[in-house]
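# Topology and contacts: notes
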There are 2 protein chains.
Amino acid sequence: MKIDKNWFTETNDELGIAFSLKIKQKLFDEQSPYQRIEVYETETFGNLMVIDGYVMLTDRDNFIYHEMMSHPVLFTHDQPERVAIIGGGDCGTLREVLKHKEVKQVWQIDIDELVTRASEKYFPKLCGSNNDPRAAILFGDGIEWIKNAEPDSLDIIIVDSTDPIGPAAGLFTEAFFRDCYKALRTGGILIQQSESPLLHMESIIKPMHDAMRAAGYSDTASLHFFQCSYPSGWWTATMACKKVACKEVTNKEVAHKDSKIWGFRESDADNRCFQTLYYNTATHKAAFAKPEFFRKQLAHFHSDG
Amino acid sequence: MKIDKNWFTETNDELGIAFSLKIKQKLFDEQSPYQRIEVYETETFGNLMVIDGYVMLTDRDNFIYHEMMSHPVLFTHDQPERVAIIGGGDCGTLREVLKHKEVKQVWQIDIDELVTRASEKYFPKLCGSNNDPRAAILFGDGIEWIKNAEPDSLDIIIVDSTDPIGPAAGLFTEAFFRDCYKALRTGGILIQQSESPLLHMESIIKPMHDAMRAAGYSDTASLHFFQCSYPSGWWTATMACKKVACKEVTNKEVAHKDSKIWGFRESDADNRCFQTLYYNTATHKAAFAKPEFFRKQLAHFHSDG
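As a starting point, this report considers the structure included with it. All values derive from a computational prediction rather than experimental measurement.

All names here are of chain A. All told, the structure shown has 46 salt bridges over all chains when counted by the stated rule. Of the charged contacts, one joins E81 and K104 as a salt bridge, the two residues approaching to 3.5 Å between their closest N and O atoms. Here the residue E81 occupies a position in the loop between helix 1 (62-74) and strand 6 (82-87), and K104 occupies one in the loop between helix 2 (92-97) and strand 7 (105-110), the gap between them amounting to 23 residues. Looking at E81, the relative accessible area reads 15%, which means it is buried. Where R185 meets D155, a salt bridge forms, and the shortest distance between an N and an O atom there is 3.1 Å. Separated by 30 residues along the polypeptide, R185 in strand 10 (residues 184-193) and D155 in strand 9 (residues 154-160) bring together distant segments of the chain. With relative accessibility at 30%, the residue R185 sits in the partly exposed group. Owing to a relative accessible area of 3%, D155 belongs among the buried residues under this scheme.

Let us look at the relation of the copies chain A and chain B. Copies of the same chain, two in number, are related to each other by a rotation about an axis and a translation along it. Superposition record for chain A on chain B: RMSD 0.0 Å, screw rotation 180 degrees, translation along axis 0.0 Å. Interpreted geometrically, this transformation is the action of a two-fold axis. Residue by residue, 100% of the interface of chain A is reproduced at the interface of chain B, so both copies engage with the same surface.

Below, the discussion takes up the sheet that holds strand 10 of chain A. All names here are of chain A. Taking strand neighbours across the sheet as the criterion, the seven strands line up as 8-7-6-9-10-12-11 in an open arrangement whose pairing is mixed. The sheet is open, and its two edges are formed by strand 8 (135-139) and strand 11 (219-226), each paired on a single side. Ignoring strand direction, the axes of neighbouring strands in this sheet form an average angle of 15 degrees. Pairing of strand 6 with strand 7 involves five bridges; the strand directions are parallel. Each bridged residue has a counterpart across the sheet, and for I86 the counterpart in strand 7 is I109. Each of strand 6, strand 9, strand 10, strand 11 and strand 12 (234-241) touches helix 1; the most contacted strand, strand 9, lies at about 160 degrees to it.

The rules we used
- Residues numbered from 1 in each chain as written.
- Chains lettered and ligands numbered in written order.
- Predicted model: local features only at pLDDT ≥ 70, side-chain atom pairs only at ≥ 80, totals over all residues.
- Heavy atoms only, no water.
- Salt bridge = Lys/Arg side-chain N within 4 Å of Asp/Glu carboxyl O.
- Helix = DSSP H or I, 4+ residues; strand = E, 2+ residues; numbered from the N terminus.
- Buried < 20%, exposed > 50% of the residue type's maximum accessible area, 1.4 Å probe, protein only.
- Least-squares fit on C-alpha atoms with pLDDT ≥ 70 in both.
- Contact = heavy atoms within 4.5 Å.
- Pairing = 2+ DSSP bridges.
- Axes fitted to C-alpha atoms, helices over the stretch in contact; angles between N-to-C directions.

Purely geometric numbers; function is a separate question.
This is the structure in structure tokens:
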């Protein structure tokens, strides 16, 4: 069986890998001022959104990414009331964040309104909470929005961005992490998608930890999870905390020998009043487990020991 | 960038997905009595072995699979002395098993000698322990070998097979699991590669648990790990124990709320005298974490609760 016009292929020439999904039809193809957005109906993964040739999400496997970008950080913070989502235009992360009753206000700032319009039409389930009165769906430059945010005003910042090329490049810089730091309250947490340990350890993950620490955060940790339609199928999100939030584990039961788990409202997570498909207390803890090579790469942070 | 003759592509038409690696050259292409074996030099993943069009392993990411097929089960068994590997012709699992000093004898039974000959030439690191005096590298039908094995003679059986089509189909049956049960000593453990939770939950993983229980095993559990070059990047191995070995967790510290971790010689694992790249006590425990949908699919086994 050849890869022909019946397949969508994401080719990563530099990484030497490609991933293909068999398609039934193209549903949408528009160029916004920022990027080209396509939506396909696939044979086995439901609808697929592609931005500038790269897979953004599919119906079938987006649940892992969206749950892991939101529930671990929300169940780590003691009282997450004010949340900003930078990027996230498909609204899947927003939907998960709004499942938390403690959350009083969420601002979502994506640069590209067309992503949200396409998601509303082709991924309506992800947009099911867009009318929640706690949600403000804004379109603009997330970097500027964070820079202009009132200092000490946010509990959580979730950076749900595309890869660090194009409009998202500025989100992977120490300057941006400093602006986030300023906008966070004491105890606040920044979490950012941070690509694949197999493919981007040296180029993105390690520099991100270094830049976050340099920007003043007192601790950082990466969460690992499966993401089939992203390169290598192994993805991370990296958390950084402002001062006291990332407290040491006080409950011995949640401490892995080689991987510290940040303060975790475990009984709240266990008694959550909403449905998940991937997330639970077991996968929350497991996500903090550092593979041996990963642990060694970050061993210069003594608090990661 | 198009997928052309400079790429090797594994196409799973039924699953609607394909994975491609950019290649420099083909190094080997022979038909054995059982299957077609190819080896390529890739641009970014080192050498790649392909059997009947399916990726078997690459230099870059085989470490995860081989470590997770061996160290968790060996550090679960109290005293793993006699080990059989069914399949495993590339010898990577054998190498990991032989890192354990407690192991006195390993029989590796692969049906296809050509796999081992190709591995010796193109994956020499994986074959670095082939001359260990504890290792017997046999070529023949693993199903027959297990059927004829002395009852109560093995501590661990590792089924490191290809997908359940072709020569490996018979390894995914209750009859085979019964033969393994007979060959295992009390306390013995069977572990078998069991494909992807995202793609094969209904077709392989759940039926495997059911068949293992039906064959008499007192407990079963799947380990989850990343495997970039296999479909979805998310792979499992499923363990089944004969009577007492899969003891309930006695150490509260290793119990996840939603995922029981089998008896674990944690301090032995922590003080292991060999190098690993993925495996450590944190990833051992994390591998047992059951995602929410996975837990619900297997909820009929009350001991998995």
